[in-house]
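A closer look at the structure
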Amino acid sequence: MGLLSILRKLKSSPDQEVRILLLGLDNGGKTTLLKQLASEDISHITPTQGFNIKSVQSQGFKLNVWDIGGQRKIRPYWRNYFENTDMLIYVIDSADRKRFDETGQELAELLDEEKLSGVPVLIFANKQDLLTAAPASEIAEGLNLHTIRDRLWQIQSCSALTGEGIQEGMNWVCRSVNAKKK
Amino acid sequence: MHSSTAYFLDSIDIIDYIDRCKRLLRANTGDVKMFDYIWQHLFTPFLRFWFKWFLRHFTGKCELQRICGGYRPGAARTLRAEYSLESSKNKVLRAAVSAEEDKVEECAMAIMKEKKVSSQKDPAFKTSLQVCLMQISGYKILYGSVEELRKQPFDCENNSHETMLLRLWDLLMPSTKLESRITKQWGDIGFQGDDPKTDFRGMGMLGLTNLIFFSEKYTDVARQVLSHSGHPKLGYSYAIVGINLTEMVFSLLRSGALKPHFYNTAFQSPKMEHFHQLYCYFAYEFDKFWVEEKPESIMEFNRYREKFHEKMKGLLQQPDVSLCLTVDSKP
C-alpha cells in the first residue's frame, strides 16, 4: 500500500452527516443562529417564510441544519421535517416572557412526537444580550426540563446576535451525536 | 453635425470584446488565478490606454465625448460613462461619480476643463454629461438614504411609526376595524404574531414604508394581491413576504444590479420614490409569479423566491430594462 492510496483513503472518508432541526416560535432567533453557524452576515434578516437550510462543517461532522419558520400558521408543517432527525435544537426568546407558556407547550408537543423519540434536544435560551432576558436556569425550571428522562438534553444560554454561547452549545451537539452513534 | 463616432468601436466595446476572448483563453489556461492577475494588472490598463490614445487622435474627441455623443440617453450611455470615469487616472474625473446633486454642474465644467472640451465645438456634451453625473451620483445617494431608512428600527414609542402601521391596516382592510393594537387580526394581512413590531427585523422602517407605498399608490392592486395571499392552498403571508421582497430589492440596489433600470427610468437622479415604485413592481410581479407557478405549499417559498430572484436578475441585465408596474385591465 503506497502513500497515494493512503491519501486517497483519507480523502474518500466523507464527514459524517448529521441532520439538525432548528425549531421554536417566530422571532426566537433561529435564522440568526443559522447564519451565525454559517458565518454569514446577520444584519439583513427577514421573517422566515417556509424554511432555510445550510450545511456547516464542524468537528468532523457535516451538519445539515434545517431552520423552519416559527409562525403559528406554519407550525403544522414542522412534522414534515421530523424524519431521520439526529438532533433537535429548540430556540427560545428569553426576553419574551409573555410567550413562555406558548413556547413550553410547543416544546412539550415536540417531545411527545413519536418520530422524534430519543432524539437529543438542545435548548438555546437566546437573546441573553437583552437586559430583560430570563436566565437559562429560570427557563429550565419553567419548562420542567428536569422531568425529561427519555433523551439527552441540555439548555445553553446564548446570544445569536453576538455569537456568545453558540460554540458551547454546538460542542454539546457534536458530543451527543457521537455518544448516540457509538 | 451629429457625431459619427457611434459607428466606431469604442475603447470600452473593444475591452468588452477582449474580455470575451480572455474568458475563452482563460478556460484553456491551467493557472486561472495567475492568468487573471497578469491580465488585471498588465493587459487591461495597457490595452485600454493605447486604444483610448488611438481613438482620441483619430476622432479628435475624448472617451467621455464619444460616449455622450454616441449613445442614446439611458443605461447604455450612463453605464459607459461611469466605467470611464471610475477607471480614469485623473482625480477630478474619479471624484465626479460621487458629486452632490448641486455640485454636478461645477463637476461637469471641471471635467471639460481637464479634458479641454470646448462647448462651442460640442454644445450637447455638457448637458449629456450632467445627466450622466446626476444618475451616477444619484444612485449612490439613493443607496445612502435607503440604507438609513432600513437601519431605523420600528419603534412602538414613536408616534409616527405607530400611525403608519395603523394606516397600513386601514388601507388594506377598509371594512374591518382593528380591535386593538395587539391582536391576532394582524395575521389577516400576513404578519406572524399579534404584534407586527417584531416582523420588520433587518429591514426596519424601509419594510413598512414599502408596504404603505404599495397600498397607497396601488390600493386596488395591493388588495387584490392580499386576496390571493388568503388562498387556502396557494396562500402566503402578505406582509412578511412583502418584507422579504423589500430585502430582495434592497440587496439588488446594494450590489449595483439596479443601475441599468434606474439609469433608464429616472430622467435625472433616481430618488426614494423610484425605489418604492420598483418595490411595487416586485410585489405585484411576485404574486403573479407565485400564482402561476402553483407551488405545493408555503414551505416551498424560498425555492420560488430564488427562482423569482434569478428571473429579475436576468431582466436587470438587459440594457434597455425598465421594470414598471403595468396593471392588467381586467378587474
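It should be emphasised that the depicted structure is a prediction, and the values quoted were computed from it without experimental measurement.

1. As for the environment of S94 of chain A
Residue and element names in this part refer to chain A. As for its position among the elements, S94 is in the loop between strand 4 (87-93) and helix 3 (100-112). The exposure class of S94 is buried, given its relative accessible area of 0%. Spatially, the C-alpha atom of S94 lies 5.9 Å from that of K127, the residues being 33 residues apart in sequence. With sequence-adjacent residues up to four places away left out, S94 is seen in contact with F100, A125, N126, K127, Q128, T132, A133, A134 and I139. Within the structure, the side chain of S94 is placed 3.4 Å from the backbone oxygen of A125, a separation counted as a polar contact.

2. Re the UniProt feature "binding site: Mg(2+)" (unreviewed entry) in chain A
The positions UniProt marks with the feature "binding site: Mg(2+)" (unreviewed entry) are T31 and T48 of chain A. Spatially, the listed residues are clustered: although they cover 18 residues, their C-alpha atoms lie within 7.4 Å of one another. With respect to the helices and strands, the residue T31 of chain A is situated in helix 2 (residues 30-37). Accessibility expressed as a relative area gives 10% for T31 of chain A, which makes it buried. Among all residues touching T31 of chain A, those that are not within four sequence positions of it are I45, T48, N52 and D67 of chain A. Tracing the sequence through the fold places T48 of chain A in the loop between helix 2 and strand 2 (51-58). Looking at T48 of chain A, the relative accessible area reads 9%, which means it is buried. Excluding residues within four positions of it along the chain, T48 of chain A makes contact with T31, D67, G69 and I74 of chain A together with Q192 of chain B.

3. Side note on the UniProt feature "domain: ELMO" (unreviewed entry) in chain B
Feature annotation in UniProt places "domain: ELMO" (unreviewed entry) on residues 160-316 of chain B, given in this structure's numbering. Strand forms 0% of residues 160-316 of chain B and helix 64%; the C-alpha atoms that close the span are 35 Å apart.

Quick notes on the rules
Residues numbered from 1 in each chain as written. Chains lettered and ligands numbered in written order. Predicted model: local features only at pLDDT ≥ 70, side-chain atom pairs only at ≥ 80, totals over all residues. Heavy atoms only, no water. Helix = DSSP H or I, 4+ residues; strand = E, 2+ residues; numbered from the N terminus. Buried < 20%, exposed > 50% of the residue type's maximum accessible area, 1.4 Å probe, protein only. Contact = heavy atoms within 4.5 Å. Polar contact = N/O pair within 3.5 Å; in protein donor to acceptor, adjacent residues only side chain to side chain. UniProt positions renumbered as here; feature names shortened; annotations may be inferred.

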